[in-house]
Amino acid sequence: DAGITQSPRYKITETGRQVTLMCHQTWSHSYMFWYRQDLGHGLRLIYYSAAADITDKGEVPDGYVVSRSKTENFPLTLESATRSQTSVYFCASSEITGGGEQFFGPGTRLTVL
Amino acid sequence: QKEVEQDPGPLSVPEGAIVSLNCTYSNSAFQYFMWYRQYSRKGPELLMYTYSSGNKEDGRFTAQVDKSSKYISLFIRDSQPSDSATYLCAMSASSYNFNKFYFGSGTKLNVKP
């Protein structure tokens with residue numbers, strides 16, 4: 001299917017475990033983003049990537065690691081999950097940055113016990 | 001103080017009403033203004049996009065930007081139950097510095113049949 005997909009859609013894990021959230025887009029967009037959405041905070045940028053092998057920190061990067069070896073994939077890893085990382089995570093992509101439209105995936109709902 | 005402020009609602013209106021959703025911001029460098037709609041347990045999708053000041057109309061939706069007051073609005077005419085969703089404003093300062101792409105926390109709208 002064309003578009004942007006995320007997996008898993010739901011994940012429950014325990015404090016201290018490593019978790020990887022997957023994101024895949026079929027448009028060959030240059031830019032990809034990871035956001036977390038929490039009540040009262042809206043969407044906050046975790047990391048972004050301008051192209052394969054180019055990544056940079058967003059507003060709330062601590063505790064997260066990203067990689068982008070291929071244009072279409074942008075996995076997000078929580079190296080040692082904490083309860084404060086319980087959130088809904090959205091991946092997005094766009095062809096141009098700044099004022100360009102960002103297309104969002106369906107989200108991954110992560111619970112850290 | 002947050003860069004973008006948005007009343008979280010919820011806002012409940014009868015079907016057919018005119019709805020006004022608003023955001024204020026503090027960064028005078030913002031030039032790109034967007035409204036995203038997010039249905040429950042879905043990713044945000046772009047609804048309206050405007051550059052600089054002025055109005056933009058698309059069907060039942062009108063976006064207004066008043067840069068002098070640092071205030072943006074989204075009007076929905078003849079509101080429908082299918083408009084029930086959370087509406088997020090978003091803004092950016094530059095096409096090249098997307099790290100300043102800020103979202104409001106969202107306003108939840110409920111349109112009653």
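Structure first, text after, so check above.
Since we're looking at a predicted model, the values are computed, not measured.

## Description of the sheet that holds strand β7 (residues 64-66) of chain A
Residue and element names in this part refer to chain A.
For step 1, the next point in the chain: Read across the open sheet, the 4 strands follow the order β1-β3-β8-β7; overall the sheet is antiparallel. Lying at the two open borders of the sheet, with one neighbouring strand each, are β1 (4-7) and β7. Across the sheet, the mean angle separating the axes of adjacent strands is 20° when strand polarity is ignored.

## Digging into unusual backbone geometry
A negative phi angle is the norm for most residues apart from glycine, just as the trans form is the norm for most peptide bonds.
For step 1, the next point in the chain: Between S7 of chain A and the following residue, P8 of chain A, the backbone shows a cis peptide bond with an omega angle of -5°.
For step 2, the next point in the chain: Its location among the elements puts P8 of chain A in the loop between β1 and β2 (10-13).
For step 3, the next point in the chain: One non-glycine residue with positive phi stands out, namely S28 of chain A, at about 65°.
For step 4, the next point in the chain: With respect to the helices, strands and loops of the structure, S28 of chain A is situated in the loop between β3 (19-25) and β4 (31-38).
For step 5, the next point in the chain: The backbone phi angle of K70 of chain B is positive, close to 55°, even though this residue is not glycine.
For step 6, the next point in the chain: Following the sequence through the fold, K70 of chain B ends up in the loop between β7 (61-66) and β8 (71-76).
For step 7, the next point in the chain: Exposure remark for K70 of chain B: the relative accessible area of 26% places this residue in the partly exposed category.

## Some details on the state of the cysteines
Two cysteines whose sulfur atoms are joined by a covalent bond form what is called a disulfide.
Residue and element names in this part refer to chain A.
For step 1, the next point in the chain: Counted by the stated rule, this structure contains 2 disulfides over all chains.
For step 2, the next point in the chain: Bridging C23 to C91, the disulfide has an S-S length of 1.8 Å. For the disulfide bridge between C23 and C91, the dihedral angle about the S-S bond is near -75°, and by the sign convention the bridge is left-handed. Placement of C23 in strand β3 and of C91 in strand β9 (residues 87-94) is noted, with a sequence separation of 68 residues between them.
For step 3, the next point in the chain: Overall, the relative accessible area of 2% leaves C23 in the buried class.

The rules we used
- Residues numbered from 1 in each chain as written.
- Chains lettered and ligands numbered in written order.
- Predicted model: local features only at pLDDT ≥ 70, side-chain atom pairs only at ≥ 80, totals over all residues.
- Heavy atoms only, no water.
- Pairing = 2+ DSSP bridges.
- Helix = DSSP H or I, 4+ residues; strand = E, 2+ residues; numbered from the N terminus.
- Axes fitted to C-alpha atoms, helices over the stretch in contact; angles between N-to-C directions.
- Buried < 20%, exposed > 50% of the residue type's maximum accessible area, 1.4 Å probe, protein only.
- Disulfide = S-S within 2.5 Å.

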